[in-house]
Amino acid sequence: MQLKNPILGLCQQSTFMLSAAKVDQCPDDEGFEVAFAGRSNAGKSSALNTLTHASLARTSKTPGRTQLLNFFKLDDDRRLVDLPGYGYAKVPIPLKLHWQRHLEAYLGGRESLKGLILMMDIRHPMTDFDLLMLDWAVASGMPMHILLTKADKLTYGAAKNTLLKVQAEIRKGWGDAITIQLFSAPKRLGLEDAYTVLAGWMELADKGAEIAE
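Residues numbered from 1 in each chain as written. Predicted model: local features only at pLDDT ≥ 70, side-chain atom pairs only at ≥ 80, totals over all residues. Heavy atoms only, no water.

(A) Quick peek at the overall build of the protein. For the protein, the helix and strand inventory stands at six helices and seven strands. Ordered by position from the N terminus, the helices and strands of the protein form the series α-β-β-α-β-β-α-β-α-β-α-β-α. Relative to its full complement of 213 residues, the protein shows a buried share of 47%. Across the protein, the fraction of contacts at a sequence separation of at least 24, relative to all contacts at a separation of at least 6, is 75%. Accessible surface for the protein amounts to roughly 10900 Å². Of this, 52% is attributable to carbon and sulfur atoms. (Helix = DSSP H or I, 4+ residues; strand = E, 2+ residues; numbered from the N terminus. Buried < 20%, exposed > 50% of the residue type's maximum accessible area, 1.4 Å probe, protein only. Contact = heavy atoms within 4.5 Å. Areas by Shrake-Rupley, 256 points an atom, 1.4 Å probe, with all protein chains shown as cover.)

Have a look at this one:
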């Protein structure tokens, strides 16, 4: 019998650690971190909550409420990070500039950051923000995996067509290193694929590959 992906148990027992307004407030820079990024209305909090089977990230009918770097503990060595959303939040310009400055400092200087999950609303993919994140990931050599969220808002055929179209666009502009999948929090679509990516980045993949007697 195949053992379950070990990331499942860790996600199910995940707990909130702390919120950081500045990089120097982040946890010690060691172990493994995976960060979740996306425009403020891309369904980032819902995706995080579905993956962790908990209500860790705040969801709101007013996009853009995540104004801090929020850290969630999986175990002593592994964390998930909810990054501030951009592009939609109705907040003062100075606050947006503060977010941007500290987000760039986090992304550019965090040794424990092993990968970035980028969320795109499947109905509005490849926004200016998404393109910037793609450029940054490729330039810095940071592994990136894209969740095309809210896939339940389209028929399966339309969702699949959008996936193939965006995938082709990314390969043409940024190469084959960036991976992409369909995802729906309400329908729990794409969970296994996302868990597989997380387990690989956090060096848990081999632990679940053993065969139980």
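(B) Fine view of the nonpolar core. Formed by 34 residues in total, the largest nonpolar core has its most connected members in Leu 83, Tyr 106, Leu 116, Leu 134, Met 144, Ile 146 and Ile 170. Sorting the residues of this core by element identifies β2 (32-38), β3 (69-75), α3 (93-109), β5 (113-121), α4 (128-140), β6 (144-149), α5 (156-174) and β7 (179-182) as the ones contributing at least two each. The greatest single-element share of this core, amounting to five residues, is contributed by α5. Within the second largest apolar cluster, 28 residues are counted, among which are Ile 7, Leu 10, Val 34 and Leu 147. (Core = buried A, V, L, I, M, F, W, Y, C linked by side-chain atoms within 4.5 Å.)

(C) How the structure looks around the environment of Asn 49. Mapping Asn 49 onto the fold places it in helix α2 (residues 44-52). Its relative accessible area of 12% is what places Asn 49 among the buried residues. A C-alpha to C-alpha distance of 9.6 Å links Asn 49 and Cys 11, two positions 38 residues apart in sequence.

(D) Region of interest: unusual backbone geometry. Phi is positive for Met 126, close to 60 degrees, though the residue is something other than glycine. Classification of Met 126 as buried rests on a relative accessible area of 13%. Despite not being glycine, Glu 203 has its phi angle at roughly 55 degrees, a positive value.

(E) Region of the structure containing the pattern of salt bridges. Applying the stated criterion across every chain yields a total of nine salt bridges. The partner of Asp 121 in a salt bridge is Arg 123, with the nearest N and O atoms 2.9 Å apart. On the accessibility criterion, Asp 121 (5% relative accessible area) is buried. Note on Arg 123: relative accessible area 38%, which makes it partly exposed. A salt bridge links Asp 121 to Lys 150, with the shortest nitrogen-to-oxygen separation between them at 3.7 Å. With a gap of 29 residues between them, Asp 121 in strand β5 and Lys 150 in the loop between β6 and α5 connect regions that are remote in the sequence. (Salt bridge = Lys/Arg side-chain N within 4 Å of Asp/Glu carboxyl O.)

Just geometry here; none of it tells us what the structure is for.
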